[in-house]
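Fold and geometry: a report
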Amino acid sequence: MKLIIAVIKPSRLDEVREALTALGIEGMTVSEVKGYGRQKGHKEIYRGSEYTVNFVPKIKIEVAVNDDVAERAVQGIQESARTDQIGDGKIFVLPMGEAVRIRTGETGANAL
């Protein structure tokens, strides 16, 4: 099992969700987060004053998948989140030791 964590632009969330649903991935966790990478934030103008926004709003998606689906899930996220502009995001793939479904007690791949 793998845990896939993707940090993407908020405007690409629906496309990523549709891509993962098309692969048969039934669940995901979505969080609104802020951060920065190479883009180092951006400047905005509010009521005539310019100020720097150091942390850019992003969406963090967490998806637990079986090993045989992980590569296709990463590819689906990458293709659907790409805008070819700086700040498209990152994808991290981590090994997942165990999963437990609280309601039934199922473990491993059955809990996904």
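Overview of the structure. Throughout this document, residue positions are counted from 1 along each chain, in the order its sequence is written. Residue-level local features of this predicted model are given only where pLDDT is at least 70; pairs of side-chain atoms are given and counted only at 80 or more, and the full residue set underlies all totals for whole chains, interfaces and linings. Based on all heavy atoms of the structure, the side-chain values leave hydrogens and waters out of the count.

**Examining the packing of helix H1 (residues 13-22) against helix H2 (residues 67-81)**
- Comment: axis = line fitted to C-alpha atoms, over the contacting stretch for helices; angle = value between 0 and 180 degrees taken between N-to-C directions. Numbered from the N terminus, helices here are DSSP runs of H or I no shorter than four residues, and strands are runs of E no shorter than two. Close contact between H1 and H2 brings their axes to 8 Å; oriented N to C, the two are set at 150 degrees. The angle between H1 and H2 places the two elements in the roughly antiparallel class. For the pair H1 and H2, the sense of crossing is right-handed. Contact residues: H1 offers Glu15, Val16, Ala19 and Leu20, while H2 offers Ala73, Gly76, Ile77, Ser80 and Ala81.
- Classification convention: Asp, Glu, Lys, Arg as charged; Ala, Val, Leu, Ile, Met, Phe, Trp, Tyr, Cys, Pro as nonpolar; all other residues, Gly among them, as polar. A per-class count over the contact of H1 with H2 returns 6 nonpolar, 2 polar and 1 charged. Relative orientations are named as follows: roughly parallel for angles under 35 degrees, roughly antiparallel for angles over 145 degrees, roughly perpendicular for angles from 65 to 115 degrees, and oblique for any other angle. By definition, turning the near helix anticlockwise from the far helix through less than a right angle yields a left-handed crossing, and turning it clockwise yields a right-handed one. Any pair of residues with heavy atoms lying within 4.5 Å of one another is described as a contacting pair.

**Here's the deal with the nonpolar core**
- We call a set of buried Ala, Val, Leu, Ile, Met, Phe, Trp, Tyr and Cys residues a nonpolar core when their side-chain atoms join them within 4.5 Å. Relative accessibility decides the category of a residue: with a 1.4 Å probe and only protein chains considered, values under 20% of the type maximum give buried, values over 50% give exposed, and everything between is partly exposed. With 15 residues, the main nonpolar core has Ile8, Val16, Leu20, Ile25, Ile61 and Val65 as its most contacted residues.
- Of all elements in the fold, only strand S1 (2-8), H1, strand S5 (56-65) and H2 reach the threshold of two or more residues within this core.
- Looking at which element gives the most residues to this core, the answer is H2, with 5 residues.
- Ignoring anything within four residues of it in the chain, the contact list for Ile61 reads Ile4, Ile5, Ala6, Ile8, Leu13, Val16, Met28, Thr29 and Val30.

**Quick look at the pairing of S1**
- When DSSP finds two or more bridges between a pair of strands, those strands are recorded as paired. Sheet topology places S1 next to S5; 7 bridges connect them, and they run antiparallel. Bridging from a neighbouring strand, Leu3 pairs with Ala64 of S5.

**Topic: the layout of surface pockets**
- The rule is simple: put a 1 Å grid over the protein atoms alone, call a set of points where a 1.4 Å probe fits but cannot get out a cavity, call an open set with protein on both sides within 12 Å along at least five of seven lines a pocket, and count a residue as lining if it has an atom within 4 Å of a point. Grid points are joined across faces, edges and corners, and a volume is the space filled by probe spheres set on the points. For the largest pocket, the calculated volume is near 340 Å³.
- For the largest pocket, the lining is made up of 15 residues, of which Ile25, Glu26, Gly27, Ala64 and Leu112 are closest to its centre.
- Here the lining of the largest pocket takes 4 residues from S5, the largest share from any one element.
- Broken down by class, the residue content of the lining of the largest pocket amounts to 9 nonpolar, 4 polar and 2 charged.

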